Amino acid sequence: MTQDELKQAVARAAVDYILPKLVKGAIVGVGTGSTANCFIDELAKHKALFEGAVASSEATAKRLGDHGIKVYDLNNIEGMAVYVDGADETDANLCLIKGGGAALTREKIVAACAQEFVCIADGSKWVDVLGNFPLPVEVIPMSRAYVMRELTKLGGEPKYREGVLTDNGNDIIDVHGLSITNPVELEVAINAIVGVVTNGLFATRPADVLLLGRASGVETFVNNL
């Protein structure tokens, strides 16, 4: 199977997984990226079964709207049963690196509001140790140089993602060269740097369920921690 076919397979599996949870009036949180786009396309086939969605980016909101799915402001709802999103890397503890699409802050906010976080990914995203994928960090623009110096002290090789602004109007720094053996500790340490909005480690709030697409089929991993 190609990578696109694996993404489509996990998207279908995610819809099958969440359908029993979509009682009348349910709101679905939806992530950002190519795998999340596959999920949106599959979810749209069942849009009569739920009330609407909360989007983690402007791009996701547009795709949902194009499918006729009502998009809610997170401030106007009380909560969500489930949030579905992809990942750039995942380890066996379902700690993730996210933010390749520069939507990490909104993704982290929506995930925090959901009762259950379902991650969907193809098998290439599974790693023994996080960090081969550069870790995105969203920063207030005036703090960029300072934050890069502080990230260097933590052992990383920060690079400014030129020409990219987040939906929040901020900059992205990608940190290369990390071997993240304690993702919770590093997530907290980076977030403590003045000027950092958040970083792309989803470790203090990892995924609850991972649907991983491999050539042999979609495997389900449940976080029991």
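Everything here concerns the structure above.
Report on the accompanying structure. (Residues numbered from 1 in each chain as written. Predicted model: local features only at pLDDT ≥ 70, side-chain atom pairs only at ≥ 80, totals over all residues. Heavy atoms only, no water.)

Across the sheet, 6 strands lie side by side as 2-1-3-6-12-13; this open sheet has mixed pairing. Each edge of the open sheet carries a strand with a single partner, namely strand 2 (52-55) and strand 13 (217-222). Taken pair by pair, the neighbouring strands of this sheet meet at an average axis angle of 20°, ignoring direction. Relative to strand 6 (residues 114-122), strand 3 (residues 80-85) runs parallel, the two sharing 5 bridges. Bridge pairing links Val82 to Glu116 in strand 6. Packed onto the sheet, helix 1 (residues 3-18) meets strand 1 (27-30), strand 3, strand 6, strand 12 (209-214) and strand 13 and runs at close to 145° relative to strand 12. (Pairing = 2+ DSSP bridges. Helix = DSSP H or I, 4+ residues; strand = E, 2+ residues; numbered from the N terminus. Axes fitted to C-alpha atoms, helices over the stretch in contact; angles between N-to-C directions. Contact = heavy atoms within 4.5 Å.)

As enumerated under the stated definition, the model contains 14 salt bridges in all. With a closest N to O distance of 3.3 Å, Lys98 and Glu107 form a salt bridge. In this pair, the class of Lys98 matches that of Glu107, namely buried. Where Glu187 meets Lys108, a salt bridge forms, and the shortest distance between an N and an O atom there is 3.0 Å. A residue pair is termed long-range when its members are at least 10 positions apart, and Glu187 in helix 6 (residues 183-191) and Lys108 in helix 4 (residues 104-113) qualify at 79 residues. (Salt bridge = Lys/Arg side-chain N within 4 Å of Asp/Glu carboxyl O. Buried < 20%, exposed > 50% of the residue type's maximum accessible area, 1.4 Å probe, protein only.)

So, on to unusual backbone geometry. Positive phi, close to 65°, is recorded for Leu94, a residue that is not glycine. With respect to the helices and strands, Leu94 occurs in the loop between strand 4 (89-90) and strand 5 (96-97). Positive phi is not limited to glycine here, since Ala102 has a value of about 65°. Secondary-structure assignment places Ala102 in the loop between strand 5 and helix 4. Exposure remark for Ala102: the relative accessible area of 11% places this residue in the buried category.

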